[in-house]
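# Breakdown of the fold
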Amino acid sequence: MATCWPEPIVSVQSLSQTGVPTVPNRYVKPAHQRPVFNTTQSDAGMEIPVLDMNDVWGKPEGLRLVRSACEEWGFFQMVNHGVNHSLMERVRGAWREFFELPLEEKRKYANSPDTYEGYGSRLGVVKDAKLDWSDYFFLNYLPSSIRNPSKWPSQPPKIRELIEEYGEEVRKLCERLTETLSESLGLSPNKLMQALGGGDKVGASLRTNFYPKCPQPQLTLGLSSHSDPGGITILLPDEKVAGLQVRRGDGWITIKSVPNALIVNIGDQLQILSNGIYKSVEHQVIVNFGMERVSLAFFYNPRSDIPVGPIEELVTANRPALYKPIRFDEYRSLIRQKGPCGKNQVDSLLLTR
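Residues numbered from 1 in each chain as written. Predicted model: local features only at pLDDT ≥ 70, side-chain atom pairs only at ≥ 80, totals over all residues. Heavy atoms only, no water.

In this section: the overall build of the chain. Along the backbone of the chain there are ten helices and 14 strands. Along the first, second and third principal axes, the C-alpha set of the chain runs to 60 × 45 × 40 Å. Across the 353 residues that make up the chain, the buried fraction comes to 54%. In the chain, 79% of the contacts between residues at least 6 apart in sequence involve partners at least 24 apart. Charge separation in the chain, taken as the distance between the mean sites of 41 positive and 40 negative side-chain charges, equals 4 Å. (Helix = DSSP H or I, 4+ residues; strand = E, 2+ residues; numbered from the N terminus. Buried < 20%, exposed > 50% of the residue type's maximum accessible area, 1.4 Å probe, protein only. Contact = heavy atoms within 4.5 Å. Lys, Arg positive; Asp, Glu negative; His and termini not counted. Charge placed at Lys NZ, Arg CZ, Asp CG, Glu CD.)

Next up, the structure:
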């Protein structure tokens, strides 16, 4: 894996703050990749499912709702999820304060492409690649043996404690959700967790995304089209500004988040483990002329050093194994080299192409 970036890193937030009237060419997407702004949930007459987890936990009908959402959309919003609403506001606010710190303070945590941990502004190490209009902070959370709070921001005050508190609540949510997803696939409650490597061996990381104001949002993206490489993603969206778009057929639907909801999406590893029953769906992020956005993505991933392939009970004569097994550390390394690239990576593992 590369240990340094192919070109000097430019903070997109600092670039935005200079008041540039146009988007520099490095960020201008090819015409076919530029965003579409006129597709919203209401315009399209469609929206990702919203699940009240009080109607899901421990209820057969709830399992059917989860399965339908994962089969049809690969995304759903959840309310009454058990994560403290005040904590969600406080951790999002603390990260917003972090990104308002002087650049020299943030650059104390500058990352490199070997681990991505820290403060950064690009994904992928392809020289002269088109870049996204965003900055981020990435940190490892699980397993606890690789967690290093000294690499987490120390400012604003209490941000490390908030990261820890929020991470623990979302970890517990992911454990419960993994049982629900397992049962929704017709498996025993602990089968999916076993396939991920076991509760004390799974991986998790947090990426906080900052999308600055953009002078020409029609020419670029905050995050290019991709599916998430891991198992499950739990997104804490910006509470005021929409930006996440989910692929639906040949178009995109802009998600307007429900108050106090968390957004769940299926990652590539769960698509592989479910033998294609559940889908990791492409998504991207649009940016805004007059408003900046902050979101927190918690990635819940398989143990990194074991092969991940279709779960045996989900392979039948009528549905043979669709994917060849691959270790998550190998899969993630390929993603980190190339950056966001639609569904190309998971599709490359198909056994019949």
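Here the focus is the pattern of salt bridges. The final tally for this structure, using the stated rule, is 19 salt bridges. The partner of Glu 239 in a salt bridge is Arg 92, and the shortest N-O contact between them spans 3.2 Å. Here Glu 239, found in the loop between β7 (232-236) and β8 (244-248), pairs with Arg 92, found in helix α4 (residues 85-99); they are 147 residues apart in sequence, far enough to count as distant. According to the relative accessible area criterion, Arg 92 is buried, its value standing at 9%. (Salt bridge = Lys/Arg side-chain N within 4 Å of Asp/Glu carboxyl O.)

Side chains three or four residues apart in an α-helix point the same way, a direct result of the helix having 3.6 residues per turn. Between its first and last C-alpha atoms helix α6 (residues 159-184) spans 36 Å; for 26 residues at 1.5 Å apiece the expected length is 38 Å, and the two agree. Looking one or two places after α6, you find Gly 186, whose phi comes out positive at around 85°. (Expected span 1.5 Å × (residues − 1).)

Here we take up the side chain of Ser 16. Its location among the elements puts Ser 16 in helix α1 (residues 12-17). Residues in contact with Ser 16, not counting those within four places in the same chain, are Trp 133, Pro 212 and Lys 213.

The next subject is the packing of aromatic side chains. Inspection of the entire model under this criterion finds 14 aromatic pairs. Residues Trp 95 and Phe 98 carry aromatic rings whose centres are separated by 5.6 Å and whose planes lie at 80° to one another, so their mutual orientation is edge-to-face. Highlighted residues: Trp 95 and Phe 98, both in helix α4, separated by three residues, approximately one helical turn. For the pair shown, Trp 95 and Phe 98 are each scored as buried. These aromatic residues form a ring-pair network of at least three members: Trp 95, Phe 98, Phe 99, Tyr 109, Tyr 119, Phe 137 and Phe 210. For the cation-ring pair, Arg 248 lies above Trp 73, with the distance from its terminal atom to the ring centre recorded as 3.7 Å. (Phe/Tyr/Trp six-rings, centres within 6.5 Å; stacked < 30°, edge-to-face > 60°. Lys NZ or Arg CZ within 6 Å of the ring centre and 35° of its normal.)

Here we come to the UniProt feature "domain: Fe2OG dioxygenase" (unreviewed entry) in the chain. Mapped onto this structure's residue numbering, the UniProt feature "domain: Fe2OG dioxygenase" (unreviewed entry) falls at residues 202-302. What you have in residues 202-302 is 6% helix and 44% strand, and the ends, taken at the C-alpha atoms, are 5 Å apart. (UniProt positions renumbered as here; feature names shortened; annotations may be inferred.)

Our focus in this paragraph is the environment of Asp 329. Mapping Asp 329 onto the fold places it in helix α9 (residues 328-338). In this structure, the C-alpha to C-alpha distance between Asp 329 and Ala 31, residues 298 residues apart in sequence, is 33 Å. Setting aside anything within four residues of it in sequence, one finds Asp 329 in contact with Ser 304 and Asp 305.

This part is about the packing of α4 against α6. Contact geometry for α4 and α6: axes closest at 10 Å, N-to-C directions at 140°. Relative to α6, the element α4 lies oblique. The way α4 lies across α6 gives a crossing that is left-handed. Residues Leu 87, Met 88, Arg 90, Val 91, Ala 94, Trp 95 and Phe 98 of α4 pack against Ile 159, Leu 162, Ile 163, Glu 165, Tyr 166 and Glu 169 of α6. For the contact of α4 with α6, a count of residues per class yields ten nonpolar, no polar and three charged. (Axes fitted to C-alpha atoms, helices over the stretch in contact; angles between N-to-C directions. Parallel < 35°, antiparallel > 145°, perpendicular 65-115°, else oblique. Left-handed = near helix turned anticlockwise from the far one by under 90°. Nonpolar A, V, L, I, M, F, W, Y, C, P; charged D, E, K, R; others polar.)

Attention now goes to unusual backbone geometry. For the bond running from Leu 142 to Pro 143, omega is -5°, close enough to zero to count as cis. With respect to the element layout, Pro 143 can be found in the loop between β4 (135-142) and α6. A cis amide bond, omega 0°, links Gln 155 with the succeeding residue Pro 156. Looking at where Pro 156 falls in the secondary structure, it is placed in the loop between β4 and α6. The backbone of Asn 80 sits at a positive phi, close to 55°, despite the residue not being glycine.

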